[in-house]
Each structure stands twice: as C-alpha cells, then as structure tokens.
Amino acid sequence: MSTDRYPFHEIEAKWQRVWEERKQFSATEDPSRPKFYCLEMFPYPSGRIHMGHVRVYAIGDLLARFKWMRGFNVLHPMGWDAFGLPAENAAIEHGVHPAIWTYENIDYMRGQLRKMGISYDWDREVTTCDPAYYRWEQLIFIRMLERGLAYRKRSTVNWCPSCQTVLANEQVEDGRCWRCDSEVTPREIDGWFFKITAYADELLAWCDKLPGWPERVLTMQRNWIGRSEGAEFDLPVAGRADLKVRVFTTRQDTVFGMTYAVLAPEHPLVDRLVIDAREREAVAAFRAEVAKQSEIERLAADRPKRGLRLKASVVNPFTGAEVPLFLADYVLMGYGTGAIMAVPGEDQRDWDFAKQHGLPIVETVERPAGFTGEAYAGEGVKINSGFLDGLTVAEAKRKAVDWLVGRGLGEAKVNYRLRDWGISRQRYWGAPIPVLYCDACGMVPEAEANLPVVLPRDVQLSGKGGSPLADVAHFVNARCPKCGGPARRETDTMDTFVESSWYFFRYCSPRYEGGMFERRAAEYWMPVDQYIGGIEHAVLHLLYARFYTKVLRDLGLVNVDEPFTALLSQGMVIKGGAKMSKSKGNVVSDDDIREKYGADTGRLFELFAAPPEKDLEWNDQGIEGASRFLNRVWRFVLAHLDELRSAPSAASPHPSLDIGRAFRRTIHATIQRVTDDIEHDFHFNTAISAIMELVNALYAFDTASLDRVPAGERGRLLREAVETVLLLLGPFCPHVTEELWSQLGHATSLFKQPWPSADAEALRRNEVTVVVQVDGKVRGRLTVDVDAAEERVRQLALGDEKVRPWVASRRVAKVVVVPNRLVNIVTIA
RNA sequence: GCGAGAGUGGCGAAACUGGCAAACGCGCUGGACUUAGGAUCCAGUGGGCCUAAAGCCUUUGGGGGUUCGACUCCCCCCUCUCGCACCA
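What counts as what
Within each chain, residue numbers correspond to sequence positions counted from 1 in written order. Each chain takes a letter, starting from A, and each ligand takes a number, starting from 1, following the order in which they are written. Local features in this predicted model are restricted to residues of pLDDT 70 or higher, and side-chain atom pairs are both shown and tallied only at a pLDDT of 80 or more, whereas totals for entire chains, interfaces and linings draw on every residue. Strands here mean DSSP runs of E at least two residues long; helices mean DSSP runs of H or I at least four residues long; both are numbered from the N terminus. Each residue is classed by its C-beta neighbour count within 10 Å, where at least 20 other C-beta atoms makes it buried, 12 or fewer makes it exposed, and intermediate counts make it partly exposed; the C-beta atoms are placed from backbone geometry. Think of it this way: build a C-beta for each residue from its backbone, and any pair within 7 Å is a contact. Segmentation into domains, and thus their bounds, comes from an automatic or database assignment. When DSSP locates at least two bridges between a pair of strands, those strands are taken to pair. Axes here mean lines fitted to C-alpha atoms, for a helix over just the part in contact, with angles spanning 0 to 180 degrees between N-to-C directions. Expected span of a helix: the number of residues minus one, times 1.5 Å. Only buried residues count toward a nonpolar core: Ala, Val, Leu, Ile, Met, Phe, Trp, Tyr and Cys, linked into one set through C-beta atoms within 7 Å. Note on angle classes: values under 35 degrees are labelled roughly parallel, values over 145 roughly antiparallel, values of 65 to 115 roughly perpendicular, and the remainder oblique. Any residue outside Ala, Val, Leu, Ile, Met, Phe, Trp, Tyr, Cys, Pro, Asp, Glu, Lys and Arg is labelled polar, Gly included; the first ten of those are nonpolar and the last four are charged. By definition, a residue lies near a molecule or strand when the C-beta atom built from its backbone is within 6 Å of it.

A.B. asks: Explanation requested: the overall build of chain A in the structure shown.
C.D. replies: Summing up its helical and strand segments, chain A has 27 helices and 32 strands in all. Over its C-alpha atoms, taken along the principal directions, chain A stretches across nearly 110 × 85 × 50 Å. The proportion of buried residues among the 829 residues of chain A is 42%. Expressed as a percentage of contacts within chain A between residues at least 6 apart in sequence, the contacts between residues at least 24 apart total 70%.

A.B. asks: When you look at the domain arrangement of chain A in this model, what are you seeing that I'm missing?
C.D. replies: You'll often see interface size given as the accessible area lost when the parts meet. Looking at chain A, the domain boundaries give domain 1 (8-127 + 506-590), domain 2 (137-195 + 420-494), domain 3 (228-415), domain 4 (640-763) and domain 5 (767-828). Centre-to-centre separation of domain 2 and domain 5, based on C-alpha positions: 77 Å.

A.B. asks: Got a minute to help me understand the sheet that holds strand E13 (residues 307-315) in this structure?
C.D. replies: Backbone-to-backbone hydrogen bonds pair the strands of a sheet. The strands run either parallel or antiparallel. Spatially, four strands are ordered E13-E14-E12-E15 in an open sheet, and the strand pairing comes out mixed. With partners counted over all chains shown, the strands left at the sheet margins are E13 and strand E15 (339-342), one partner each. Here the strands of the sheet are splayed against their neighbours by 30° on average, with no regard to which way each runs. Helix H9 (residues 277-292) rests against E13 and strand E14 (322-328) of the sheet, and its axis sits at about 125° to E13.

A.B. asks: Even after reading the chapter, I still don't get the sheet that holds strand E19 (residues 435-438), so can you show me in this structure?
C.D. replies: Strands sit in the order E20-E19-E22-E21 across an open sheet of four strands; the sheet is antiparallel. If you trace the sheet from one side to the other, it starts and ends with strand E20 (442-445) and strand E21 (477-479), each paired once. Direction aside, neighbouring strands of the sheet carry axes that sit 45° apart on average. Bridge count between E21 and strand E22 (residues 486-489): three bridges; the pairing is antiparallel. Looking across to E22, one finds that Ala478 is bridged to Ala487.

A.B. asks: Explain helix H2 (residues 51-69) here, please?
C.D. replies: Residues that lie three or four places apart on an α-helix share one face, since the helix turns once every 3.6 residues. With 19 residues, H2 should reach 27 Å at 1.5 Å per residue; the first-to-last C-alpha distance of 27 Å fits that figure. Downstream of H2 by a residue or two, Gly71 has a phi angle that is positive, lying close to 95°.

A.B. asks: So what exactly am I meant to see when it comes to the nonpolar core here?
C.D. replies: Leu604, Leu630, Ile691 and Val725 are the most contacted members of the largest nonpolar core, which totals 162 residues. In terms of residues, this core owes the most to one element, H2, which gives 12 residues.

A.B. asks: Looking at this structure, I do not really get the packing of helix H1 (residues 8-21) against helix H24 (residues 734-743). What am I missing?
C.D. replies: When two helices pack together, their arrangement is captured by the angle between the axes and the distance separating the axes. Between H1 and H24, the least distance of the axes is 9 Å, while the angle of their chain directions is 85°. Regarding the angle of H1 to H24, the classification is roughly perpendicular. On the side of H1, the interface is formed by Phe8, Ile11, Glu12 and Trp15, while H24 contributes His735, Val736, Glu738 and Glu739. For the contact of H1 with H24, the residue count by class is four nonpolar, one polar and three charged.

A.B. asks: How should I be thinking about the protein's contact with RNA strand B in this particular structure?
C.D. replies: Around RNA strand B sit 64 residues in total, of which Thr249, Gly336, Gln621, Gly625 and Ser689 are the nearest. In terms of residue class, the surface near RNA strand B is made up of 21 nonpolar, 23 polar and 20 charged.

A.B. asks: I would appreciate a short explanation of the packing of helix H19 (residues 620-639) against H24 in the present structure.
C.D. replies: Interhelical geometry of H19 versus H24 gives an angle of 5° and a closest axis separation of 11 Å. Overall, the two elements H19 and H24 adopt an arrangement that is roughly parallel. For the pair H19 and H24, the contacting residues are Leu630, Trp634 and Val637 in the first and Val736, Leu740 and Gln743 in the second. Here the residues of the contact of H19 with H24 sort into five nonpolar, one polar and no charged.

A.B. asks: Is there a simple way to explain the environment of Ile92 in this structure?
C.D. replies: In this fold, Ile92 is placed in helix H3 (residues 85-94). By C-beta crowding, Ile92 is classed as partly exposed, having 13 other C-beta atoms within 10 Å. Counting along the chain gives 369 residues from Ile92 to Leu461, while the straight-line C-alpha distance between them is 6.2 Å.

A.B. asks: Which parts of the structure should I look at to understand unusual backbone geometry?
C.D. replies: Outside of glycine, negative phi angles account for most residues, and trans bonds account for most peptide bonds. In this structure, Pro452 follows Leu451 across a cis peptide bond, with omega equal to -5°. Checked against the element boundaries, Pro452 lands in the loop between E20 and helix H13 (473-476). Of the consecutive residues Met526 and Pro527, the connecting peptide bond is found in the cis state with omega at -5°. The residue Pro527 is located in the loop between helix H15 (519-525) and strand E24 (530-534) in this model. The backbone of Asp775 sits at a positive phi, close to 55°, despite the residue not being glycine. Of note in this structure, Asn820 is not a glycine but carries a positive phi near 65°.

A.B. asks: What exactly am I supposed to notice about the pairing of strand E5 (residues 150-160) here?
C.D. replies: Along any regular strand, the residues point their side chains to alternate faces of the sheet. Sheet analysis places E5 next to strand E9 (residues 185-194), joined by 10 bridges and oriented antiparallel. Among the inter-strand pairings, Arg154 is bridged to a residue of E9, identified as Asp190. As paired strands, E5 and strand E6 (residues 165-167) are joined by three bridges and run antiparallel to one another. Residue pairing in the sheet places Trp159 in a bridge with Val166 of E6.

A.B. asks: Looking at this structure, I do not really get helix H16 (residues 540-554). What am I missing?
C.D. replies: Taking 1.5 Å as the rise per residue, H16 with 15 residues should run 21 Å; its terminal C-alpha atoms sit 21 Å apart, in good agreement. Taken across its 15 residues, H16 has 11 buried, putting it largely inside the fold. Turning to H16, its buried residues are Leu542, Leu543, Tyr544, Ala545, Arg546, Phe547, Tyr548, Thr549, Lys550, Val551 and Leu552. Of the surrounding secondary structure, the elements contacted by the buried residues of H16 are helix H5 (131-146), helix H6 (200-206), helix H7 (215-225) and strand E17 (421-422). Phi turns positive, to about 80°, at Gly556, one or two residues after H16.

Here's what the structure looks like:
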C-alpha cells in the first residue's frame, strides 16, 4: 500500500474550516444575479452515511460549485427527513427514545457530510421532527381541511402487519410494504386522506411540460395517474324500478356486445339485490372466499376468475335486452363505479370469464383478416351494433355517448387509477394531525393559536398495534377549541412523505416565523433548478411534492406550479450484486474511505466510475486508481512549485513552437470538453477522463519541452495547464484543488474564480490529419492544411504511396471527401 | 402480457449530427529507478494469421437491409434490467 499519499487529512480539515469561517457557501437573495437552486433529496437519519449515499451528495456538490464558478447565486441546503418508523423500531428494540436516536444520528451524519466538504449552507439546515418545522404543516393541514382537500373517511386500506400501520397505494409494491417487504393485508379503517385526485389532470398535463425530467420518471407518473376516458351510465335492474347498476367503460362503442354485467364482491348494492336468505348466504360465502385471498394472489393476472351469478339481471339500455348479473373477483370496488358491463368479444378478461361460465360472446368490431386471437381490442368497423354499425370505433364511442346524454341515461366520464393519498399513520414518530373530536361539536380542527400540536415525549412504545398516542392521557384529553368542552385529540400521525413534500420551500427561509416560508424568498429561489435523487422516488415523493406545491399555490401562498425544473435520477451503488444498504450488510463506510484515501478521492471515484444515471459497481481497485490520479496531480505541482510560482497566472501568449501550440490546444480543448460534459449531459465520468488526459499531456510536455522550449514560455504554459486542471477539477475534488491553488500563491478561493473558458485562438489548427480509406478500410493518412480544397485532398490521397498499391489494379469508381476528416476511395475490380 | 431502456475488450466504460471502434481508468505484461516494490516513471495490452517483424484478416448480442461508409439509421430475432399489470 502506498505510504506516499498527499496529506489529505490536514488539507481537508483546513479547507473545511476556512470555508466555514468565511461562510463561503451561505446564500442570500440577490435579484441582480441569476439564481441556481441545487438540491439533493435529504436523507432519513438512519445512522451512518455510506458510499451508497455519497454519490448523490458528490453530484450535488459538483453542480453547486460549478454553478458558483459560472456566476450563479447558488442555494445548496441540507436537512433531515427525521420522522419515520426506524426510529420507533430502534426505540422498541434498544429502549432509546426515537428523538434521542434520531438526533444522535443527525449529529453523526452531519459530521460526516461536513467531513466530505460538501458546499452546504448549514445555516439553513432543517429538521422535520422539530415542532418549529411541522407546525406549518399542521397549519396547512387545517387549510386543506377547510377546502375539502383533507378529509376523513372509513375505507379499505393497505395494512402492513409488521409496521403496524396503514400504507398509501404508492407505498405498496407487488402487494408488499415498500419499507419492510411484509405482505400487506386489507383492513377497514377510519383515516385521513389528501385529495390528490383533484389534481390528477394537472399533474398529468404538467408531465408534458417538464423537459428537464427523465422520460422514464414521467412515464411512471403518467402510468400511475392512469387517466382513461369513457362513459358512465346506468343499467336498470330488471323488475326493480328502484334499483340500477352504474357502470364505467372506456368502450361504450361495444355496448351492443354486452352479454352480462358484473359487480365487485364488496359492491354496496349487492345487499339490496339479493332475493332470499339462500342467496344472501351464497353471497356471504363468496365474499368470504374472495376476502381470503391475499393481495399478492389477487395481483396474479392469469389466475382463474371466480364469479357468482346473482338471481337479479340487468337491462342493456341500448337494446332493452336482459343480461345476467354476476359478482366476480376480477372487478375492483376501488376503480370506476365498482361495476362493469361485460363485453367478452372485445375484452380479454370478459372473454376469459365468459368461457369459464358458458356465457355468449358477441363480436361488435369486424376482425382483421387472419385474426386468430380471442377477444379483439383493436380498430375496425362496427358490426352487430344497431345504429353504430359501419362506424369506426372512435366514431362509435362519440355517438354512443351522445345517445346516452340525449336520453339522460349517462355521461362522458374520465377516470383515474390514482387514488387519494392516505396520510394517517397509526404510529408515534410523526407529526400529529391537528384535529380534535368533541362530543358536542364533532370533529374540530385545532385553533391556529394553539399550534403546534406538539408530539409528547413521554410515551410507551410496544409495537403492538394501535396508535401509541392513544395511551398518552395528557395528549389525548384536551379542550375543544370551539366550545371549550372536553375533547379527544386525533392520535394518528401524518405520513412522513408529507414533511418531504415541502422541505424545499422551507429552505428558502428556514427560520421564518410568520408562516411556512417567506413569500419573497420562496419566489426568488423556487423552483428548484436541479433536483438530484434516487429513482425509487419516481412516483412516491416526487408525485406528492408536485401535488403539495400545487396545493400551496392554490392556497395563495406562492406562485409556483412545479417544484423541480430538472431532475437527475442517479443510479444505485451496488456491491456484490446488491444495492449497498445496511440491511444487506454490504456497506462500504464513508468514514473508512475518508480515513484511507480522503474525501476527494471517494467522491472522484464515484463520479468517474459510471455516468450518474447508471448503477455503479463499487470497486476497491477503482478507488486506488482515483487516489493515484490525485497524487499524480499533487506531485506534479509540488515538484514544479518554484517554476510555476515564478510564472504569471495568466493566459500564455501564442507559443513559438509546435509542441507548445499542441499542448496549449490540449489545455483549451479540455476546457471545452469538461464544460460541455457537465453542462449538457451530466457526463461527469468523461469530464474526469478529459482532465486525466490533460494531466497525462502535462507530464508528457514536461519531459518533452525541457531542452526545447524557452524557460519562460515553458513556465507559463505549465502554469496555464496546472491552473486549468485545478479549476476544472475543483468541483469534483474541492480540497486538494483549493490547497494546490493556494500553494500557487493565490490568496482568494479557487471557488471564487470564474470557470475557465476555451480560447478560440488556442483551439485553431493549421493542419489536420485526414484518414484515407480504400473501400472503407484505412490505408493511409495525410497531413493537410485545414479546409484544404477537396480536389487537392483527393489528388494527395490517390497519390499517397501507402494507398497506391490498393488502388493500382482496380478502377476508381468514386472518391468521397469529408473535409478535414477522411477520404474514401471506392473501387471496382 | 403491456410500456421504457440497455447489450461494445479480462473488468468499469468511451465514441458529437452516420466518418480512424475500444478514449480514460482498473487489471495484466515488460522495462527503468531501487536494499526492496504492493511506491513512482516509461512502454505494451480486443481476437486471429505469421518463427518474428513488416503486414494482412477480423471484431460492437444474432440475422437481414439502407449507405462510399453503420456501435450509431430501418426490419426481424435473442438476452437482460426497470416500470406497470384483472384499472373495465
């Protein structure tokens, strides 16, 4: 192992101290400068930062420092998503209070981030479990309540038996809890919801207006919102003038092919439809059977569809025909009206069910020639459809809606897959929902003057179900803010995704006491110009935050439509085939890497090993390479310190020799490449490789120029190259570059320097190498003047002695000349 | 099943608007310097033919196509990753 590493421990500590003392990264609103709000998703304080976390902070810091140098007024804050279950679980396991556990972790992790030297404005640090933070969330909750955007209802929800709490739909993956992977079970429970569905259309529409977002994420959000257009109408129950079944369909054109109808097993109408005790019994048995199957079984699309035929039947309003009515498990109560018209001819699910239950199948769209499938869902001409015959599917859809509307039987209707966001959590370590239940007044929001409703500290945590707050008498028993009588407090806490839905607003004015944020500050900084975080939040956090931003706007607090202008979804850090995580036991500790190689090296490796959107395989040898490179830079500067310091820090004049001109061209070509790579496509890996090439060229020029280039000119070129390396490398490896920058005699920070710009004069060349191909194979090379006449290049190519033998015995059919690049001589025998 | 993305050396990867495939780094090989080298510097390193060199042939998952020219564009197929998945 190397013992000759540069003294990164001292350097890193020194510059972190200096930056801190100078408050170098503190941000203030300044309307005269363009602003850049750079934000990484804030962490949950789970214990320790490891190299899986480091990646996102390294990317954020690089962009923030780059933008500083580009002249932007940068806001780059950090904070803690501090409420959540792990704190509570730790408390149950180890007997530590969640608050103590959380704040200890925060202290440790803050120390780690400081030692990484990230350019945060630490004065803006925000901690979501602080009442000074969540009080504003409670206030907004009350505003949302007033507007019907927050509401309470009893419903069937996703229950995680391990976390002992309800989960929102977004937080269930394949029937399992997103956090602990336990199988989720349905449970009927009272709970609080945010009406995100009221924003479904806007959330969807803006997906087309976020060009800075990865298409992948937008697609996931569009799918999740799941808008579908169709019609809703009633099917009268035969012989029961008082009853009708409301159905939703996107294929109202196929209504003439309806051969039965289906209700979801839990459909409330079922109880009124049953005719006698025997049927009631059969329904109960069927429902029990369906309820028994787990969420995961239900999700398996290819399992047989179970159904129960009811004695009632319904009437097709278009034809007057009576069709049988079923309960079936493939119809979900939670979507549409919980009831469907079944058209087995054009819907595969209905087709499967009809086959299983011997029901007739009517085709209402002409099949294309050679069609061999079962149900046909494609385009075609309508048949067997009365007044719709002969129309296309799209025409028939319109006409069917018109028909329904004209008779007052139904209407056009848009449905969404998106459900309202269930935010109640039956756990302790979260923000209390600021609501009370009074015997006289019913449900009452807490008075604003009484906010925050502070989460009590003295609580018994058993993990045994039920909200722990319910047992805290002095919390639960309160006064009704309306009548002053006795009232009970709500004991559910809010989903922790609520805190993370607005923390980026709080950073704009983190100590503001007059509200959630100071309008002026928020409107200066927001929206976030560059957001950086993991793909796992493609739907969860990123959808909630968009929704909440629109709510704040509609409450009149701010004029921002969308929180994040651009999003960079960075890939995972993998070790041994699995995502680096504490639970997998494959973490590489940030402390260890910093101890052994220094913070700059760890960051450099993660930025170099792969482009940011790709997964990154941790590699112990790779980090040695990064370390080697920084030492190589370090050694060069120290070894040449006298020569460098005696040269002026300014652009070199035009070099007198080719070797110098070529070297200077390399310097400026590197500036151009690195700038483009960072600015345009976040290709930090190729930016670093370009800097490495420049350092290689620096070593080569050092040796080659020794006896050839006049000393003064050589010194200036070396200094220009070294300073360029330091400026370009600064955002990647801030400590070592800042140190070397000061060693060169600079009194002001590297990060107060303007980002270098490429000198067009240096980039200009007089001659270029042109490749000569014969029939597409490289046979020779020419050195010609830039922009040499095509005819001249053609003649030189044909006359080249390496090329001639390949052309000699053949006839030249054609010569393609690509200026300054290549000549291709095409021959025939 | 539907949708999106990706397949390039021993490995991580690069290649602009169709123009020298494999930059940069890791690993490996050799040399220099050294008491020493697991430090550093220099050189080599896709595969094959050839005693060797010069040189030639060949190579971007597979097959076809367009083009003077294809990692890049088009068609078919295979594999992998991610997302959605009875949403009517």
